[in-house]
Amino acid sequence: MLELFQRLTALPHRGSATPNEAQAAQILREHLESGGFTVQTQPFKAPRSYGPELIAICLALALGGWLEFWPLALLGTYAFWANFSGWWVPWGRLFDRHNSQNLLSQWGSGPRTLVLMAHYDSAKTYFVYSPRRVKGFRANFLLNAALATLMPYATFLPLVPQVLALYFLAQALLLVWRELTAPTVNGANDNASGVAVAVRLFEELREQPLEGTRVILALTGCEEVGAKGAEFLAQSGQIPRDALVLNIDNVGRGTLHYATGEGMLIYHRFRGALQRAAKTQDGAAPLEYRLAYFDTRPFAARRMGCLTLIRLEDGLPPHWHWPTDRPENVDWAAVEGTLEYARRLVNAGLSA
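Participant: Report on the overall build of the protein chain, specifying residues and quantitative values.
Facilitator: Counting secondary structure elements, the protein chain contains 12 helices and nine strands. Considered along the principal axes of its C-alpha atoms, the protein chain spans approximately 70 × 40 × 35 Å. Sorting the 352 residues of the protein chain into buried and exposed places 59% on the buried side. Residue pairs at least 24 apart in sequence account for 85% of intrachain contacts in the protein chain once pairs closer than 6 positions are excluded. For the protein chain, the exposed area adds up to about 14800 Å²; of that, 58% sits on carbon and sulfur atoms.

Participant: Lay out the side chain of R178 in plain terms, naming residues and giving numbers.
Facilitator: When you line up the elements, R178 lands in helix α7 (residues 160–181). Within the structure, the side chain of R178 is placed 2.9 Å from the side chain of S49, a separation counted as a polar contact. In this view, R178 contacts S49, Y50, G51, K124, T125 and Y126; residues no more than four positions away in its chain are not counted.

Participant: Help me get a handle on helix α2 (residues 19–34), residues and values and all.
Facilitator: The end-to-end C-alpha separation of α2 is 23 Å, in line with the 22 Å expected for 16 residues at 1.5 Å each. Summarising the contacts, the buried residues of α2 are in contact with α1 (2–9), β1 (40–46), β2 (98–107), α8 (188–207) and β4 (213–220). Two residues or fewer past α2, G36 is found with a positive phi of approximately 90 degrees.

Participant: So what about empty space enclosed by the protein? Which residues, and what values?
Facilitator: Under the counting rule described, the total for this entry stands at two cavities of 30 Å³ or more. In this structure, the largest cavity is lined by F84, S85, E262, G263, M264, L265, I266, H268, Y293 and R297. Grouping the amino acids of the lining of the largest cavity by side-chain chemistry returns five nonpolar, three polar and two charged. Forming the walls of the second largest cavity are S16, R48, S49, Y50, S122, A123, K124, R178, E224 and V225. The residue makeup of the lining of the second largest cavity, split by class, is three nonpolar, three polar and four charged.

Reading guide: rules and limits
Residues numbered from 1 in each chain as written. Predicted model: local features only at pLDDT ≥ 70, side-chain atom pairs only at ≥ 80, totals over all residues. Heavy atoms only, no water. Helix = DSSP H or I, 4+ residues; strand = E, 2+ residues; numbered from the N terminus. Buried < 20%, exposed > 50% of the residue type's maximum accessible area, 1.4 Å probe, protein only. Contact = heavy atoms within 4.5 Å. Areas by Shrake-Rupley, 256 points an atom, 1.4 Å probe, with all protein chains shown as cover. Polar contact = N/O pair within 3.5 Å; in protein donor to acceptor, adjacent residues only side chain to side chain. Expected span 1.5 Å × (residues − 1). 1 Å grid on protein atoms, 1.4 Å probe; cavity = no way out; pocket = protein on both sides within 12 Å on 5 of 7 lines; lining within 4 Å. Points joined across faces, edges and corners; volume = space filled by probe spheres on them. Nonpolar A, V, L, I, M, F, W, Y, C, P; charged D, E, K, R; others polar.

This is the structure we're talking about:
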C-alpha cells in the first residue's frame, strides 16, 4: 500500500485529463497486473479544469443581468445549478475535449456486487482554498448560488441586475486568472491516500473471498472537474443497480467520518447495507457532507447503495486543494486506520 502511494505521489501532480493523470493510470495498471489482476480501461472525454465552464456561466449571468435579458440570465442560473448538481447539459461536449480514463478490475461472482471506488486525479488550486479563506468556502459558495438564482428575477428591477452583473464579471476574471496562474497540486491526501486504501482492500478481499459476491475496483479519473469518471461509469451499465458502492476519499489525516449523504445544492441521502453497517461500527463519525461532491454523487442520484469514507480536520479535508497537499503531510497511521475500518465495514455490510 505504501509503495503504491509513493509511486503516485512521486509525480508532480495527477491533473484531470492531463498526461500526468494518464501516467498515474499506467502506474495503477502495472501495480494491479503485477498482482495477477486483469484491468479494463474505460476511456472518456473530460475537461482539464472546471474553470472554463464556470467562466462561461459567470459571463452568461453577467451579460443577462447587464442587458436585463431574463432568458439569458435564466440560462446562466440553470447552468450554475447543473454544474454543481451533475445534471446533463447540451453544451457538455464543448468542454469535455480531453482524454481521461477509469480503470476497472474485478474478481468473484454471485448475486451481490461490491464496488470499491477512489479517484486518482488531483486538482488545480485557487485562492478560495487558502488556509486563511478555506473555512469560508461553503459560505462563499452559497452566496454565489443565491445570487445566481436571483439573477433572472433581478432583471425586472432597476440597477440591481447591473450590480450583480459586475459581481459575476469579477468572478469570471478571477477564474481566468486561476486558469492562467494556478498550479495543480500533488494530491497526496486527495486522493492518493484513498486509492492506496481501495486497492489494498481489493487485494485483501481476494485473499479471503466473500461468498456470493463480485468485487469491482473502480479507480476513476476527473473527479476534480465534476465527477466525470464516476458519471461515465454510472452511465456505462457496468455497475448493477443493486450494487453497494464504497468510495474512499481524503483519508490521509484527521478524524474518520462516514458520509450519510452529499450535495452542494441538492442533497442526496445515502442508502444501503454499508450505510446501515456504518452505524454499528466504532471508529467513524456520521457526516452530512455539503462542502463539495464525491464520486458517489451520480450513484446516489440514481438511488443506489453508497457510502463514502473521508477524514476531516476542523470540518475540512486537510490541505484541501492547496500546494501543501504533499506526502509529508499525510499521517500514514490514518491511512492504515482507514483500511482497518473499511475492512470491518465491508464484512459487516455484506454479512448483514
